[in-house]
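Structural overview for review
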Amino acid sequence: MSDPVRIIEMGPRDGLQNEETAVSVEARIAFIEALVAAGLDTVEVGAFVSPKAIPQMASSDAVLRGVAQKGAEFHVLVPNEKGYDAARAAGAKVVSVFAAASEGFSRANINCTIAESIERFKPVLARAREDGVKVRGYISCVLGCPFDGEIKPKAVADLASTLFDLGCYEISLGDTIGVGTPARAKEMLRAVAANIPAARLAMHFHDTYGQALANLYAGLEEGVRVIDAAAGGLGGCPYAPGATGNVATEDVVYMLEGMGVRTGVDMEKLLAATNAMSGVLGKPPVSRVASALNAKKKRAVS
Ligand code: HMG
Ligand code: MG
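Named according to an unreviewed UniProt entry, the chain is hydroxymethylglutaryl-CoA lyase originating from Bradyrhizobium yuanmingense. Per its UniProt entry, the chain bears the Pathway (unreviewed entry) comment "Metabolic intermediate metabolism; (S)-3-hydroxy-3-methylglutaryl-CoA degradation; acetoacetate from (S)-3-hydroxy-3-methylglutaryl-CoA: step 1/1." Per UniProt, the comment on the chain under Sequence similarities (unreviewed entry) is "Belongs to the HMG-CoA lyase family."

**Structural notes on the coordination of the magnesium ion (ligand 2)**
Within the protein, the atoms that donate to the magnesium ion (ligand 2) are Asp14 (OD), His204 (NE2) and His206 (NE2), at distances of 2.1 to 2.3 Å. Donor residues binding the magnesium ion (ligand 2) come from one chain and are separated in sequence as D-x189-H-x1-H. Taken individually, His204 and His206 each receive the classification buried, so the pair is uniform in this respect.

**Things to note about the packing of helix α10 (residues 249–258) against helix α12 (residues 288–301)**
Following both chains from N to C, one finds α10 and α12 inclined at 85°, their axes separated by 6 Å at the closest point. Considering their axes alone, α10 and α12 lie roughly perpendicular with respect to each other. Residues Glu250, Asp251 and Tyr254 of α10 pack against Arg288, Val289 and Ala290 of α12.

**What about the site of ligand 1?**
Among the 27 residues in the neighbourhood of ligand 1, the closest are listed as Gln17, Ser50, Asn109, Ser140 and Thr176. One nitrogen or oxygen atom from the side chain of Gln17 is found 2.8 Å from an oxygen atom belonging to ligand 1. Between ligand 1 and the protein, one listed contact pairs an oxygen atom with a backbone N or O atom of Ser50 at 2.8 Å. Considering ligand 1 on its own, with 1,100 Å² of exposed area, one finds that the protein chains cover 73% of that surface. Elements that contribute at least two residues to the shell around ligand 1 include exactly α1 (11–15), α4 (81–89), α5 (103–110) and β5 (134–140).

What counts and how
Residues numbered from 1 in each chain as written. Chains lettered and ligands numbered in written order. Predicted model: local features only at pLDDT ≥ 70, side-chain atom pairs only at ≥ 80, totals over all residues. Heavy atoms only, no water. UniProt positions renumbered as here; feature names shortened; annotations may be inferred. Donors = N, O, S within 2.8 Å, 3.2 Å for Na, K, Ca; no water. Buried < 20%, exposed > 50% of the residue type's maximum accessible area, 1.4 Å probe, protein only. Axes fitted to C-alpha atoms, helices over the stretch in contact; angles between N-to-C directions. Helix = DSSP H or I, 4+ residues; strand = E, 2+ residues; numbered from the N terminus. Parallel < 35°, antiparallel > 145°, perpendicular 65-115°, else oblique. Contact = heavy atoms within 4.5 Å. Near = heavy atom within 4 Å. Polar contact = N/O pair within 3.5 Å; in protein donor to acceptor, adjacent residues only side chain to side chain. Areas by Shrake-Rupley, 256 points an atom, 1.4 Å probe, with all protein chains shown as cover.

In structure tokens, the structure reads:
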């Protein structure tokens, strides 16, 4: 359990994509810079998707260009070749394709069936291979779908194998609506890990029902060592009604450091990044750890 864990910071993408407040390119860049300064060496910074669908991610090209020299690994979402072209033109070296384990969510999120999404990803993966670009693969709704309900572990495992065989270097398993519980998370991860080494899997758990940390712990016990998390617990998906943010990076770092797992993240600097963005958005972070640390600071000065 003490093997290192890699945290992929989601705040600037998954976090901001669902916010009502439009955040300027400058504020997005400042947020990313603050996260990198806190020791988060892998950050998802934007999405090359339709600006009609997700206006919050417009100008992801300017964001990516703005942080290019910051010495961290930056990821961006691309749903198709059009997105790939735009991401590459802005200098992307790592892109993520995103599929869903349920037909209902695939249709709502990317306007196509699961099979059609794979056909859209094939040319992206082929071109990325030629260009030396790494491709990460997401699967949404691995523990439940807002439209189709329960999802069978086999459906997740089959789709994960398809994405892995197409050349995705890592498969990020998304509990998009945060309905999973530890035993079900384990069952799903075991099914996926029957075909793909656990070292190539990541956990992307939203915290809607407050189960994300417990589910992550269950996944750590299964040998998964990559965790997607969002500073302050920001986030959600506009196509997943009622879903709240990713598990908060502060909460993950606190748990891991408490377990003796080094994360390389400086909590004080992370909190500063979260608080600055919370000022921009005009609301406090939902992270329990961030709230507790902010309250402690307040007590110390009063
Ligand atoms: P579509 O309607 O099927 O695509 O949308 P289309 O090819 O028919 O094009 C329709 C319009 O979109 C055209 O513009 C295209 O040019 C444009 P129009 O002629 O109407 O002006 N278009 C694009 N524009 C910019 N960039 C592109 C692009 N492609 C087409 N790449 C599409 C398909 C995927 C584009 C659309 O449904 C879309 O953008 N959806 C947004 C999906 C999204 O970003 N969802 C949130 C992120 S996923 C997530 O949060 C889950 C995750 O966190 C894991 C988890 O938690 O589970 C990853
Ligand atoms: Mg997500």
